[in-house]
Structures are given as structure tokens and as C-alpha cells.
Amino acid sequence: MSTLSWLNGEAFSAFGQHILWSDMIGNTIGLAALALGWRRSIWTWPAQLLSGVILVGAYASAHLSGGVGKQLLVIGVAVWGWRQWQRGRKQAQDGSIAVRFATWRERGVLLGGTALGTLAVGGLFVAVPELSWNPWPDAYIFTGTLAAMVAQARGLVEFWFAWLLVDLVGVPLAFSSGLAFSGLVYVIYLALVLWGMRDWWLRSRAGAMPLEGAAA
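Presented here is an overview of the structure given in this document.

A count of helical and extended segments in the protein gives 8 helices and 2 strands. Taken from N to C terminus, the helices and strands of the protein fall in the order α-β-β-α-α-α-α-α-α-α. Sorting the 216 residues of the protein into buried and exposed places 45% on the buried side. In the protein, 67% of the contacts between residues at least 6 apart in sequence involve partners at least 24 apart. For the protein, the exposed surface amounts to about 11000 Å²; the carbon and sulfur share of it is 70%.

Here you go:
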């Protein structure tokens, strides 16, 4: 049996749901990646990359092309995010990434890009039904994930808001697609997102206070 066949095999069943190894392992690593992101550790990016590689198989088995595309984006953006945090970051006192709120222009770019991306990808999925059985939620998660990771790479607090909006669609879509562990993990993501949002928000305020004092 090949590694890919094993990963897409059933780990166990619970409450009528079949849990795949790829779904379980990939999302467990994804949880670790989110926790590392909350701690502003650069190791969040290798964890996201590994999670994306494993989850490609899970989404392919569920015939969710948007999910596959999302994970391929995760892999690519994880490499870019690693380089961003290594080369272009401002260091906080504890050696981790400094965080801030986005400017209104940055927020507009993120929102506009997400809306246009969802329309473009959703239109593609509608035109080619073989790519996804649930085109618009699939397209929304695809582009929303990209927006969230770009915001994270830039150290923007809005990264957490983007993940929250992705989760609101991701939870029901995962359960309805037979990826029960993904659905469960999305629920846990929600708790981590709220916690991480509060932490980054407080840190962004703490970082802004010395600047305000200097300006005064």
C-alpha cells in the first residue's frame, strides 16, 4: 500500500462519519500551525506547509477542487510567509513578529481582492462543474484563505478576522463533504482565532503606545 493510499484510508468511524488519516493528521498539524501563529512563531509557516501537503489528498478524495487549490495556495504562501517573517519583519522584544492593524487601503485591497477572487473562482467552478460540487462556498474558502495568509505574512491583526469569516463557511461545508475531522477542527479553530485575535490586538496597541508617546 502506498503512502497516499494509506493517508486517504479510513482511520476510524464515529457517529456515522468516516475519518480519513489525511483529514485527521493534516488538520492536527494545521491546529499546531494556528497556535504557533498566535504565538507569532516563525515555525507556523513550515507547519502550515506540511499541513497543506497532507490535506491536498483529503480534499482530492472529497472532490473539492477549491479545497485542493486552497491547500496548494497554503503551500505557496507558507514559503513566502516564511521569507517575509525572516527578512522583512520588525522584531518584537521577545524576538517574534511585530503586529499591527492594517491601514484602510490595505483593508480595501484585502476585501476587494477576496470579493473579486471569489467571483472569478466561483464562476470557474460553475462553468466546469467537475471541479466542485459546491462551487460558491468552495470558492469563498479558497480566496478567503489566501487573504488570511497574506494578512498573516504582513503581521496584520485582520488576519484573525479573515480566518473567522472563513470558518463560518468552512464548518458546514466540511461536514457536508464527509470531512468530519475538518469540521471539528474548524470549530476548534474558532476558539483559537478568538484567542489569537485578542492577543494580537493587545500587542498592536502596546506597540503603538511608545510611538504615540514619542510623537507627543
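What follows is about the side chain of Thr114. You can see Thr114 is positioned in helix α5 (residues 104–127). Looking at Thr114, the relative accessible area reads 17%, which means it is buried. A distance of 2.7 Å separates a polar side-chain atom of Thr114 from the backbone oxygen of Leu110. The contacts of Thr114, once residues within four sequence positions are left out, are Thr143, Gly144 and Ala147.

Now for a nonpolar patch on the surface. Together, Phe101, Phe161, Trp201 and Leu202 line one region of the surface with nonpolar side chains, adding up to about 340 Å² of accessible area. Mapping Leu202 onto the fold places it in helix α8 (residues 180–215).

Among the secondary structure elements, Asp199 is positioned in helix α8. Classification of Asp199 by relative accessible area gives buried; the value is 18%. When the C-alpha atoms of Asp199 and Trp38 are compared, they prove to be 7.4 Å apart, with 161 residues separating the residues in sequence. The contact partners of Asp199, leaving out residues within four places of it in the chain, are Trp38 and Arg40.

For the structure on display, the rule yields 3 salt bridges. Two residues, Glu158 and Arg107, come together in a salt bridge whose shortest N-O distance is 2.8 Å. Remark: Arg107 occurs in helix α5 and Glu158 occurs in helix α7 (residues 158–176); sequence separation between them is 51 residues. Accessibility expressed as a relative area gives 13% for Glu158, which makes it buried. A residue is classified by how much of its surface remains accessible, and Arg107, at 22% relative accessible area, is partly exposed. A cluster of three or more residues bridged by salt bridges with shared partners is formed by Arg100, Glu106 and Arg154.

What counts, and where the lines are drawn
Residues numbered from 1 in each chain as written. Predicted model: local features only at pLDDT ≥ 70, side-chain atom pairs only at ≥ 80, totals over all residues. Heavy atoms only, no water. Helix = DSSP H or I, 4+ residues; strand = E, 2+ residues; numbered from the N terminus. Buried < 20%, exposed > 50% of the residue type's maximum accessible area, 1.4 Å probe, protein only. Contact = heavy atoms within 4.5 Å. Areas by Shrake-Rupley, 256 points an atom, 1.4 Å probe, with all protein chains shown as cover. Polar contact = N/O pair within 3.5 Å; in protein donor to acceptor, adjacent residues only side chain to side chain. Patch = residues over 30% accessible without salt bridge, like charges linked within 9 Å, V, L, I, M, F, W, Y side chains within 5 Å. Salt bridge = Lys/Arg side-chain N within 4 Å of Asp/Glu carboxyl O.

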